[in-house]
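A look at the structure
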Amino acid sequence: GISRSTASAFAAACLLNPERDEQSIARQIRAASPSAFPNRLIVTLADQALGRRGRMLRALDTMGPGNMSVEGRPFRVEID
């Protein structure tokens, strides 16, 4: 779960929480997993589909790349 699944989780969290700030969701994902690196294409498509006007991509940029020296581990993020 480093790229595609993490992007899908980010998109789902944004979909299920339309009033929640994208930055806070991205920070929560980063806190839960230092290796998380959401796939940019999936996040771009989700941002457009959800009408987030680039906010998801900006949150992704703020999140930065995952720490690839850390072995990917499953993680959980509360979405409410």
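Just so we're clear, the structure is a prediction, and the values are computed from it rather than from any experiment.

The rules behind these values
- Residues numbered from 1 in each chain as written.
- Predicted model: local features only at pLDDT ≥ 70, side-chain atom pairs only at ≥ 80, totals over all residues.
- Heavy atoms only, no water.
- Helix = DSSP H or I, 4+ residues; strand = E, 2+ residues; numbered from the N terminus.
- Buried < 20%, exposed > 50% of the residue type's maximum accessible area, 1.4 Å probe, protein only.
- Axes fitted to C-alpha atoms, helices over the stretch in contact; angles between N-to-C directions.
- Parallel < 35°, antiparallel > 145°, perpendicular 65-115°, else oblique.
- Left-handed = near helix turned anticlockwise from the far one by under 90°.
- Contact = heavy atoms within 4.5 Å.
- Nonpolar A, V, L, I, M, F, W, Y, C, P; charged D, E, K, R; others polar.
- Core = buried A, V, L, I, M, F, W, Y, C linked by side-chain atoms within 4.5 Å.
- Arc of directions from axis to C-beta.
- Polar contact = N/O pair within 3.5 Å; in protein donor to acceptor, adjacent residues only side chain to side chain.

With that settled, consider unusual backbone geometry. Despite not being glycine, R53 shows a phi value in the positive range, around 55°. For R53, the position within the fold is in the loop between helix 3 (40-50) and helix 4 (55-63). Residue R53 is classed as exposed on the basis of its relative accessible area of 72%.

A few words now on the packing of helix 1 (residues 4-16) against helix 2 (residues 22-32). Between helix 1 and helix 2, whose axes approach to 10 Å, the crossing angle comes to 140°. Taken as axis vectors, helix 1 and helix 2 run oblique relative to one another. Remark: the crossing between helix 1 and helix 2 carries right-handed chirality. For the pair helix 1 and helix 2, contact is made by T6, F10, A13 and C14 and by E22, I25, A26 and I29, respectively. Tallied by class, the residues present in the contact of helix 1 with helix 2 amount to six nonpolar, one polar and one charged.

Moving on, we come to the nonpolar core. In terms of nonpolar packing, the biggest core is built from 16 residues, with F10, I25, I29, V43, M56 and M63 touching the most fellow members. In this view, V43 contacts A7, F10, P38, M56, L57 and L60; residues no more than four positions away in its chain are not counted.

What follows covers the environment of V77. Position of V77 among the secondary structure elements: in the segment after helix 4. Ignoring any residue separated from it by four or fewer positions in sequence, one finds V77 in contact with Q28, I29 and A32.

Here we come to the packing of helix 2 against helix 4. Closest axis-to-axis distance for the helix 2/helix 4 pair is 8 Å, and the angle between their directions is 35°. Both helix 2 and helix 4 take part in a crossing whose hand is right-handed. Residues E22, Q23, A26, I29 and R30 of helix 2 pack against R55, M56, R58, A59, T62 and M63 of helix 4. Counted by class, the contact of helix 2 with helix 4 contains five nonpolar, two polar and four charged residues.

Considered for burial, the residues of helix 3 that qualify are V43, A46 and D47. Projection of helix 3 onto a plane perpendicular to its axis shows the buried side chains occupying an angular sector of 105°, all on one side. Pointing more than 90 degrees away from the buried face of helix 3 are the exposed residues L41, Q48 and A49. Looking at where helix 3 begins, the residue whose side-chain oxygen comes 3.0 Å from the main-chain nitrogen of L41 is N39. A positive backbone phi angle near 65° is found at G51, which sits one or two residues after helix 3.

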